[in-house]
Amino acid sequence: QVQLVESGGGLKQAGDSLRLSCVASDHTFSSRTMGWFRQAPGKERAFVASINWNGGNTYYADSVKGRFTIARDNARNTVYLKMNSLQPEDTAVYFCAAGCGGSVYDYEYDYWGQGTQVTVSS
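Residues numbered from 1 in each chain as written. Predicted model: local features only at pLDDT ≥ 70, side-chain atom pairs only at ≥ 80, totals over all residues. Heavy atoms only, no water.

S.K.: Looking at this structure, how should I read the packing of aromatic side chains?
M.R.: Aromatic ring pairs are defined here through the distance separating the ring centres and the angle between the ring planes. Summed over the entire model, instances satisfying the criterion amount to five aromatic pairs. Taken together through their ring pairs, the aromatic side chains of F37, F47, Y109 and W112 make up a single cluster. Sitting over the ring of W112, R45 keeps its end group 3.8 Å from the ring centre. (Phe/Tyr/Trp six-rings, centres within 6.5 Å; stacked < 30°, edge-to-face > 60°. Lys NZ or Arg CZ within 6 Å of the ring centre and 35° of its normal.)

S.K.: Is there a simple way to think about the sheet that holds strand β7 (residues 68-73) in this case?
M.R.: Strand pairing within a sheet occurs via backbone hydrogen bonds; the two strands may be parallel or antiparallel. Sheet architecture is open: four strands sit in the order β1-β3-β8-β7, paired in antiparallel fashion. The open sheet has two edge strands with one neighbour each: β1 (4-7) and β7. Each strand of the sheet is rotated relative to its neighbour by a mean of 15 degrees, with strand direction disregarded. (Pairing = 2+ DSSP bridges. Helix = DSSP H or I, 4+ residues; strand = E, 2+ residues; numbered from the N terminus. Axes fitted to C-alpha atoms, helices over the stretch in contact; angles between N-to-C directions.)

S.K.: I'm lost on the pairing of β7 in this one. Help?
M.R.: Within a regular strand, side chains alternate between the sheet's two faces. Residue alternation in β7 divides its side chains into a buried set, F68, I70 and R72, and an unburied set, T69, A71 and D73. As judged from the six bridges shared by β7 and strand β8 (residues 78-83), these two strands associate in the antiparallel manner. Bridging from a neighbouring strand, F68 pairs with M83 of β8. (Buried < 20%, exposed > 50% of the residue type's maximum accessible area, 1.4 Å probe, protein only.)

S.K.: I tried to follow the pattern of salt bridges on my own but got confused; where do I start?
M.R.: A side chain of one charge can pair with a side chain of the opposite charge when the charged atoms of the two come close. All chains considered together, the criterion is met by five salt bridges. For the salt bridge of R38 with D90, the shortest nitrogen-to-oxygen distance reads 2.9 Å. Placement of the pair is R38 in strand β4 (residues 33-39) and D90 in the loop between β8 and β9 (92-99), with a sequence separation of 52 residues. Neither residue differs from the other here; R38 and D90 are each classed as buried. In this structure, R67 and D90 form a salt bridge, with 2.8 Å as the shortest nitrogen-oxygen distance. Of this pair, R67 sits in the loop between β6 (58-60) and β7 while D90 sits in the loop between β8 and β9, and the two are 23 residues apart along the sequence. Since its relative accessible area comes to 17%, R67 is described here as buried. Counted as one network, the salt bridges with shared partners bring together R38, R67 and D90. (Salt bridge = Lys/Arg side-chain N within 4 Å of Asp/Glu carboxyl O.)

None of this, on its own, says anything about what the molecule does.
So this is what it looks like as C-alpha coordinates:
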(Lines give C-alpha, C1' and ligand atoms only; values in the text may rest on other atoms or scores of the structure.)
Protein backbone atom coordinates (compact mmCIF):
# COMPACT_ATOMS: atom_id res chain seq x y z
CA GLN A 1 0.00 0.00 0.00
CA VAL A 2 1.40 3.34 -1.07
CA GLN A 3 0.60 6.34 1.09
CA LEU A 4 0.74 9.78 -0.48
CA VAL A 5 0.77 12.97 1.56
CA GLU A 6 0.32 16.33 -0.12
CA SER A 7 1.34 19.65 1.35
CA GLY A 8 1.84 23.25 0.33
CA GLY A 9 -1.70 24.38 -0.34
CA GLY A 10 -3.00 27.69 0.88
CA LEU A 11 -4.65 30.99 0.10
CA LYS A 12 -3.08 33.07 -2.63
CA GLN A 13 -3.89 36.10 -4.73
CA ALA A 14 -4.16 36.07 -8.50
CA GLY A 15 -0.72 36.18 -10.05
CA ASP A 16 1.00 34.53 -7.11
CA SER A 17 3.00 31.31 -7.17
CA LEU A 18 2.75 28.20 -5.03
CA ARG A 19 4.53 24.87 -4.90
CA LEU A 20 2.77 21.70 -3.87
CA SER A 21 4.64 18.64 -2.65
CA CYS A 22 3.60 15.02 -2.41
CA VAL A 23 5.66 12.51 -0.48
CA ALA A 24 5.23 8.78 -1.07
CA SER A 25 5.80 6.18 1.60
CA ASP A 26 6.70 3.34 -0.70
CA HIS A 27 10.07 2.36 -2.18
CA THR A 28 8.36 1.75 -5.53
CA PHE A 29 7.92 5.51 -6.02
CA SER A 30 10.82 5.73 -8.44
CA SER A 31 9.15 3.27 -10.81
CA ARG A 32 5.74 4.94 -10.85
CA THR A 33 4.05 7.53 -12.98
CA MET A 34 2.93 10.37 -10.75
CA GLY A 35 0.08 12.71 -11.45
CA TRP A 36 -1.66 15.77 -10.09
CA PHE A 37 -5.40 16.18 -10.35
CA ARG A 38 -7.73 18.81 -8.97
CA GLN A 39 -11.36 19.07 -8.03
CA ALA A 40 -13.12 22.40 -7.87
CA PRO A 41 -16.38 22.83 -5.95
CA GLY A 42 -19.26 21.29 -7.84
CA LYS A 43 -17.00 19.88 -10.54
CA GLU A 44 -15.51 16.52 -11.34
CA ARG A 45 -11.91 15.70 -10.63
CA ALA A 46 -9.71 16.84 -13.52
CA PHE A 47 -6.23 16.01 -14.75
CA VAL A 48 -3.59 18.69 -14.17
CA ALA A 49 -0.17 17.19 -14.89
CA SER A 50 1.77 13.93 -14.90
CA ILE A 51 5.36 12.80 -14.98
CA ASN A 52 6.81 9.42 -15.85
CA TRP A 53 9.14 7.42 -13.64
CA ASN A 54 12.38 9.20 -14.54
CA GLY A 55 10.98 12.63 -15.29
CA GLY A 56 11.65 12.29 -18.98
CA ASN A 57 8.05 12.74 -20.03
CA THR A 58 5.57 15.24 -18.68
CA TYR A 59 2.02 16.07 -19.69
CA TYR A 60 -0.17 19.02 -18.82
CA ALA A 61 -3.78 20.00 -19.11
CA ASP A 62 -4.23 22.82 -21.60
CA SER A 63 -5.54 25.05 -18.84
CA VAL A 64 -2.23 24.97 -16.95
CA LYS A 65 0.28 24.54 -19.75
CA GLY A 66 2.98 27.20 -19.52
CA ARG A 67 2.04 28.11 -15.93
CA PHE A 68 2.47 24.87 -13.98
CA THR A 69 5.50 22.61 -13.84
CA ILE A 70 5.61 19.07 -12.52
CA ALA A 71 8.88 17.63 -11.25
CA ARG A 72 10.06 14.73 -9.14
CA ASP A 73 12.92 13.83 -6.85
CA ASN A 74 13.17 10.06 -6.67
CA ALA A 75 15.80 10.24 -3.92
CA ARG A 76 13.20 11.97 -1.74
CA ASN A 77 10.15 10.03 -2.96
CA THR A 78 8.60 13.38 -3.74
CA VAL A 79 6.72 14.90 -6.64
CA TYR A 80 6.17 18.63 -6.94
CA LEU A 81 3.77 20.92 -8.72
CA LYS A 82 5.02 24.45 -9.16
CA MET A 83 2.16 26.77 -9.98
CA ASN A 84 2.83 30.22 -11.36
CA SER A 85 0.46 32.99 -12.40
CA LEU A 86 -2.33 31.52 -10.30
CA GLN A 87 -5.86 32.45 -11.26
CA PRO A 88 -9.13 32.19 -9.35
CA GLU A 89 -10.15 29.32 -11.62
CA ASP A 90 -7.21 27.34 -10.21
CA THR A 91 -9.06 27.16 -6.90
CA ALA A 92 -9.55 23.48 -6.08
CA VAL A 93 -8.46 20.61 -3.92
CA TYR A 94 -5.29 19.22 -5.46
CA PHE A 95 -4.58 15.51 -5.30
CA CYS A 96 -1.45 13.61 -6.16
CA ALA A 97 -1.70 10.08 -7.47
CA ALA A 98 0.60 7.16 -8.21
CA GLY A 99 0.19 4.75 -11.07
CA CYS A 100 2.00 2.14 -13.11
CA GLY A 101 2.05 3.59 -16.56
CA GLY A 102 -0.98 5.70 -17.11
CA SER A 103 -1.03 9.43 -17.43
CA VAL A 104 -4.08 11.61 -17.93
CA TYR A 105 -6.99 9.48 -16.75
CA ASP A 106 -7.74 9.07 -13.07
CA TYR A 107 -8.60 5.38 -13.49
CA GLU A 108 -4.99 4.76 -14.50
CA TYR A 109 -3.80 5.61 -10.99
CA ASP A 110 -3.86 3.17 -8.10
CA TYR A 111 -3.12 5.36 -5.10
CA TRP A 112 -4.29 8.81 -4.09
CA GLY A 113 -3.42 11.36 -1.47
CA GLN A 114 -5.94 13.10 0.73
CA GLY A 115 -5.68 16.38 -1.14
CA THR A 116 -4.57 19.89 -0.31
CA GLN A 117 -6.69 22.99 -0.76
CA VAL A 118 -5.56 25.79 -3.03
CA THR A 119 -7.62 28.96 -3.00
CA VAL A 120 -6.87 31.87 -5.29
CA SER A 121 -8.57 35.20 -4.74
CA SER A 122 -8.97 37.84 -7.42
